[in-house]
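# Descriptive structure summary
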Amino acid sequence: MSNPSPALIFDLDGTLTDSKPGIVGCLRKVIDARNLGDQGPLDRFVGPPVEEWTVELLPHASEEERAALARDYRGCYDREGWKNNSVYAGVREMLTGLRDEGYPLFVCTSKHHKFAVRILDLFELTPLFVAVYGDRLEYASHRKADLVAMLLREQSLDKDQSWMIGDRIFDIQAAHANELRCLAAGWGYGSPEECALADAVAATPADVPALVAPADRRGADSCGDTCGVPAVRDTYMVARKR
C-alpha cells in the first residue's frame, strides 16, 4: 500500500511567483523618498519580513520610524507593486498535477496575508490550496518559523509527512525550526549557498513531484544535482543544519 501524499507548504515570492520587480520597485521609491542613500542591490530584501529589513535600513531609528517606513512601503505595494508580478513557468502545471495526485497544498509567506491572497486570486491559483497563511499586523511575531508553526498546528499536519518548499534561507530555517524537510526552489532567488542548506533541491517546478513523492512512489530517474547538492537525499532522514 502506498504511503499517503505529504502535505506541501509553498513559499510565495521567488517560489510560485516572480515578485521581485514589484518589491524592489517600491523599495527604491521609499528609499529615495527618505534619502537613505545608496543601499546597493536590493535583492536581499526579497523574502524576509518587512519588519526585519526596516532594521537594516534604519539601524538607529525608533520603532515608530521603522513602522512608518514599513507603512510607506506597503502603501506603494498596495497601489502598484503587487501587480508587477508573474507566475513562474511550469508552476501552474506543477500545482495542478500535485493537487490532482492528492497532495494537500498550502501557502506560507512572510508577505501580508491580504497581498498573498490578492496575488493568488489574480493568477487564479487560490483554488489549488487548502489554506493560505500570510503575515498580519496583529501577530505578536513576524518570524516565518512562527507562521509555519501556526499552520502546522491549525491544520493538524504531521511534520514527518510534510515538506516546506521555498527559495530562500528564511524558508529553510523556518522549516528546520519546525522539524520539517525543506525542498529548495532552485529557480527562485536563493543563492547556491542557500540551496545547499536544504534537504533537497528542485532545479525546475517540473522536478518537484518526483522529489516530494513518498519513497515507494519515486522513480529511478528522480535524482539530479542542483546548486551543488544532491537533488534527492534520503527522503525520511533530515540532515539539519542549524
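This text follows the structure it describes.
Residues numbered from 1 in each chain as written. Predicted model: local features only at pLDDT ≥ 70, side-chain atom pairs only at ≥ 80, totals over all residues. Heavy atoms only, no water.

## Things to note about the pairing of strand E3 (residues 131-135)
What counts, and what does not: Burial classes: relative accessible area under 20% of the type maximum marks a residue as buried, over 50% as exposed, and values in between as partly exposed (1.4 Å probe, protein chains only). Every helix listed is a DSSP run of H or I at least four residues long, and every strand listed is a run of E at least two residues long, numbered separately from the N terminus. Strand pairing is assigned whenever DSSP identifies at least 2 bridges connecting the two strands. Crossover handedness is defined by viewing with both strands directed away from the observer: a clockwise path from the first strand over the helix to the second marks the crossover as right-handed.
Across the five residues that make up E3, a large majority, five, are buried. Alignment of strand E2 (residues 105-112) against E3, held across five bridges, turns out to be parallel. In the strand pairing of E3, Phe-106 is matched with Ala-131. You can see the chain leave E2, run along helix H5 (residues 113-122) and come back into E3, and the turn it takes is right-handed.

## Structural notes on the packing of helix H6 (residues 144-154) against helix H7 (residues 169-177)
Applicable threshold: The axes are straight lines fitted to the C-alpha atoms, using for helices just the contacting stretch, and the angles between their N-to-C directions are given from 0 to 180°. Working rule for angles: under 35 degrees goes down as roughly parallel, over 145 as roughly antiparallel, 65 to 115 as roughly perpendicular, anything else as oblique. Note on convention: near helix rotated counterclockwise from far helix by under a right angle means a left-handed crossing. Clockwise means right-handed. Note on definitions: a residue-residue contact is assigned when non-hydrogen atoms from the two residues lie within 4.5 Å. Charged residues are taken to be Asp, Glu, Lys and Arg, nonpolar residues to be Ala, Val, Leu, Ile, Met, Phe, Trp, Tyr, Cys and Pro, and polar residues to be all remaining types, Gly included.
Relative to each other, H6 and H7 sit at 50°, their axes nearing to 8 Å. Taken together, the axes of H6 and H7 lie oblique to each other. Once H6 is placed against H7, the crossing between them reads as right-handed. Residue-level contacts link Lys-144, Ala-145 and Val-148 of H6 to Phe-170, Asp-171, Ala-174 and Ala-177 of H7. Of the residues belonging to the contact of H6 with H7, the class tally is five nonpolar, no polar and two charged.

## Re the nonpolar core
What counts, and what does not: Nonpolar core, defined: a set of buried Ala, Val, Leu, Ile, Met, Phe, Trp, Tyr and Cys residues in which side-chain atoms within 4.5 Å join the residues together.
The biggest cluster of nonpolar side chains holds 53 residues, and the ones touching the most others in it are Phe-10, Leu-16, Leu-95 and Phe-129. Counting residues per element, this core draws most heavily on helix H1 (residues 20-33), which supplies six residues. Excluding its chain neighbours within four sequence positions, the residues that come into contact with Leu-95 are Phe-10, Leu-16, Leu-105, Leu-125, Leu-128 and Phe-129.

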